[in-house]
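# Survey of secondary and tertiary structure
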Amino acid sequence: MGGLNPVANATSYLSVVLCDGSSRKLIAGWWYFILAISIIQLLLSIFGMSSRGGTESFILTWSSIVLVSLCIGGTIIMRKFQTSVAVGFFMGSVIF
């Protein structure tokens, strides 16, 4: 039997295939991918701000500010403060 948790099996498989068994490298790789997607979304928001007006421009500006703050906060937590309290605070800020 391959195990009862398919997510754990997939994570183990990806860490072995892509990162030589290091789950920390796998998490870092996913985080860099999320940052790259966030930069693309930020560029699209800037383009949208220049072509829209009023309410749409404000919403794009606000979502860009929130996205940049989450990226900065997540990077700080991933690099400096890897405690369960800090990770829980970050997860709570993402959900809230």
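That block above? That's the structure.
Summary of the structure given here. (Residues numbered from 1 in each chain as written. Predicted model: local features only at pLDDT ≥ 70, side-chain atom pairs only at ≥ 80, totals over all residues. Heavy atoms only, no water.)

### Description of the layout of surface pockets
One simple way to see leftover space: roll a probe sized like a water molecule over the atoms. Counted only if it meets this: Both cavities and pockets are sets of points on a 1 Å grid over the protein atoms alone; in a cavity a 1.4 Å probe fits but cannot get out, in a pocket the set is open with protein on both sides within 12 Å along at least five of seven lines, and lining residues sit with an atom within 4 Å of a point. Grid points are joined across faces, edges and corners, and a volume is the space filled by probe spheres set on the points. Labels follow the DSSP assignment, with helices taken as runs of H or I lasting at least four residues and strands as runs of E lasting at least two, numbered in each case from the N terminus. Think of it as three bins: nonpolar holds Ala, Val, Leu, Ile, Met, Phe, Trp, Tyr, Cys and Pro, charged holds Asp, Glu, Lys and Arg, and polar takes everything else, Gly as well.
In this model, the largest pocket occupies a volume close to 290 Å³. Around the largest pocket, the lining residues are Arg24, Ile27, Ala28, Trp31, Tyr32, Leu35, Thr75, Ile77, Met78, Arg79, Gln82 and Val87. Of all elements in the fold, only helix H2 (23-51) and helix H3 (55-79) reach the threshold of two or more residues within the lining of the largest pocket. When residues of the lining of the largest pocket are assigned to their parent elements, the largest contribution, six residues, is made by H2. Per-class residue counts for the lining of the largest pocket are eight nonpolar, two polar and two charged. Taken together, Trp31, Ile77, Met78, Val87, Phe90, Met91 and Val94 make up the full set of residues lining the second largest pocket. Among the elements of the structure, H3 and helix H4 (84-95) are those that each provide at least two residues to the lining of the second largest pocket.

### As for the packing of H3 against H4
Note the threshold: Interaxial angle, 0 to 180 degrees, is taken between N-to-C directions of lines fitted to C-alpha atoms, where a helix line uses only the stretch in contact. Roughly parallel means an angle under 35 degrees; roughly antiparallel, over 145; roughly perpendicular, 65 to 115; everything else is oblique. For any pair of crossing helices, the crossing counts as left-handed if the nearer helix is rotated counterclockwise from the farther one by less than a right angle, and right-handed if it is rotated clockwise. Contacts are residue-level and defined by heavy atoms, with any inter-residue pair within 4.5 Å sufficient.
At a minimum axis separation of 10 Å, H3 and H4 run at an interaxial angle of 165°. Compared by their axis directions, H3 and H4 come out roughly antiparallel. By crossing handedness, the relation of H3 to H4 is classed as left-handed. Along the contact surface, H3 presents Leu70, Gly73, Gly74 and Ile77, while H4 presents Ala86, Val87, Phe90, Ser93 and Val94. Class assignment of the residues belonging to the contact of H3 with H4 gives a composition of six nonpolar, three polar and no charged.

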